[in-house]
Amino acid sequence: MMALLAMLLTIGCTLLLGFNLWILIGKFVVTDVPPAIVHKVKFRILYCASQLIITWGCILEKLRICSMPGFCQFLQRLLPVRKDPNVLVTNLRFGTINVRLFRPKAVSSSPRRGIIFYHGGGAVIGGLDLYHHMCSFLAKKTDSVLLLVGYRKLPHYHYPVSLQDCLNATIHFLKSLKLYGVDPSRVVVSGDSIGATAVAFITQALVGRTDIPKLRAQILVYPAVQFINFQLPSFPQNTNFPFLTRDIMMMCVCRYLRIDSSWKDALLKGACIPAHIWEKYKKWLSSDNLPERFRKKYYQGEFHAPFNEAAYLETRHIFEVANAPILAEDQIMAQLPEALVVTCEWDILRDDGLLYKKRLEDQGVPVTWFHAEDGFHGCTLLFDSMLLYFPCAEKIMNVLVTYLCGI
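Quick caveat: nothing in here was measured; it's all calculated off a predicted structure.

Cut-offs applied
Residues numbered from 1 in each chain as written. Predicted model: local features only at pLDDT ≥ 70, side-chain atom pairs only at ≥ 80, totals over all residues. Heavy atoms only, no water. Helix = DSSP H or I, 4+ residues; strand = E, 2+ residues; numbered from the N terminus. Rg over C-alpha atoms; globule rule 2.2 N^0.38 Å. Buried < 20%, exposed > 50% of the residue type's maximum accessible area, 1.4 Å probe, protein only. Contact = heavy atoms within 4.5 Å. Areas by Shrake-Rupley, 256 points an atom, 1.4 Å probe, with all protein chains shown as cover. Lys, Arg positive; Asp, Glu negative; His and termini not counted. Charge placed at Lys NZ, Arg CZ, Asp CG, Glu CD. Pairing = 2+ DSSP bridges. Axes fitted to C-alpha atoms, helices over the stretch in contact; angles between N-to-C directions. Core = buried A, V, L, I, M, F, W, Y, C linked by side-chain atoms within 4.5 Å.

Chemist: Would you mind going over the overall build of the protein chain with me for this structure?
Modeler: Looking only at helices and strands, the protein chain has 15 helices and eight strands in total. Expected size for 407 residues packed as a compact globule is a radius of gyration near 22 Å; at 22 Å, the protein chain falls within 12% of this value. In terms of principal-axis extent, the alpha carbons of the protein chain reach across some 70 × 55 × 40 Å. Classification of the 407 residues of the protein chain by burial places 54% in the buried group. Here the contacts in the protein chain between residues at least 6 apart in sequence split such that 77% fall between residues at least 24 apart. Total accessible area computed for the protein chain in this model is approximately 18,300 Å², and 60% of it derives from carbon and sulfur atoms. Counting 43 positive and 32 negative side-chain charges, the protein chain places the centres of these two groups 6 Å from one another.

This is the structure we're talking about:
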């Protein structure tokens, strides 16, 4: 009996290993690597690993063992948390929201700069531990007090919970700056990916508030500022590049916004956009607003799919300003604080950042722009990785430090 069990276990392990190798080798061989990427083998490994994790997450979800986001978060929790002995870290709760405060241990003779950081991860991954080292690094290098917001996310929480968590945590912190030794005239909100979406949403939501200090600046690292036009040139150019492929992005968008996946093609082709709405917003969303160098190769023009009213009714919340901060009224945009916008050439969200940059500049908001020609989505998480080091990550982190130190 034991021999039979051992044989079955061996067969199972062999099949499992073979399946993983089949996915990894298949993806490794067919993965295109942009010419600007220096470490091409590492880039392929990242792509293959992300595809393997998502594949297993979807399999386990179909087997009703666990959800795909739950599986990704489980693997994330296995990663070690790197701590800096020169930074004091405090875990706090603002109501139902977990936050983590980073403060340099060195004594300061005056209040420090304040940084509020909203992490990325598509509302699937990310969190206090995954972003611990990055935020610790920023706090130490810029001699700032940094608040990392651990907003609630998938699979149990959907839009607008994460945005409301970020907003509530921000307001609470702004009302308590003296307690944490923060200079109220030097508070910056920052984030990457969907965290940068929160930055755009929050800076707009706080316009006109007189009961809290005014934000000094905003930092948006490869932001998503709309879920409407998926035919921008960066989408066909970067369909299959890590960490955010088109399929992963659409899966995150549909889950986050509670849109049935059957409407994915309608979203991608623009079939859910009524003609009168596109006429109103194309001045901000069209590829024509991009610099020539970013649209000359993959320009697709207007949407060609016929309008689908059922798709519109199921997806119309994509037009809410909370989901599309780029659609905010001009009088709101004109009152926003100065911005640093970071974009990456090999990022599917590249053009979102470029459009939002133009939107801010058109309303007179000072914008500092950094474009990583060899950058890709999510690269900043690898900024000091020994095994998966990419020069673009270090360059972006240095830009963030330099910008923050100037505030």
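Chemist: Just to check I follow, could you spell out the sheet that holds strand β5 (residues 182-192) for this structure?
Modeler: Strand pairs in the sheet, formed through backbone hydrogen bonds, run parallel or antiparallel to each other. On the basis of which strands lie adjacent, the open sheet formed by eight strands has the order β1-β2-β4-β3-β5-β6-β7-β8 and mixed pairing. Edge strands, defined here as strands with exactly one partner in the open sheet, are β1 (87-94) and β8 (367-376). Across the sheet, the mean angle from the axis of one strand to that of its neighbour is 20°, orientation sign disregarded.

Chemist: For this particular structure, what's the right way to read unusual backbone geometry?
Modeler: As a rule of thumb, non-glycine residues mostly have phi less than zero, and peptide bonds are mostly trans rather than cis. The omega torsion of the bond from L154 to P155 falls at 5°, within 30 degrees of zero and hence cis. Counting through the fold element by element, P155 comes out in the loop between β4 (144-150) and α5 (161-174). The backbone phi angle of R64 is positive, close to 60°, even though this residue is not glycine. Phi angles above zero are rare outside glycine, and S193 is one such case at about 60°. Within the fold, S193 resides in the loop between β5 and α6 (194-205).

Chemist: How should the nonpolar core be read in this particular structure?
Modeler: Note that soluble globular proteins tend to have their nonpolar side chains buried in a common cluster. Among the nonpolar cores identified, the biggest contains 92 residues, and Y118, V149, F173, M249, I318 and Y356 are the most heavily contacted of them. No other element matches helix α8 (residues 246-256), which puts eight residues into this core. Beyond its immediate stretch of four places on either side in the chain, Y356 contacts A200, Q204, L220, V225, P325, I326, M333 and L336. Listed in part, the 43 residues of the second largest apolar core include I115, A139, V401 and I407.

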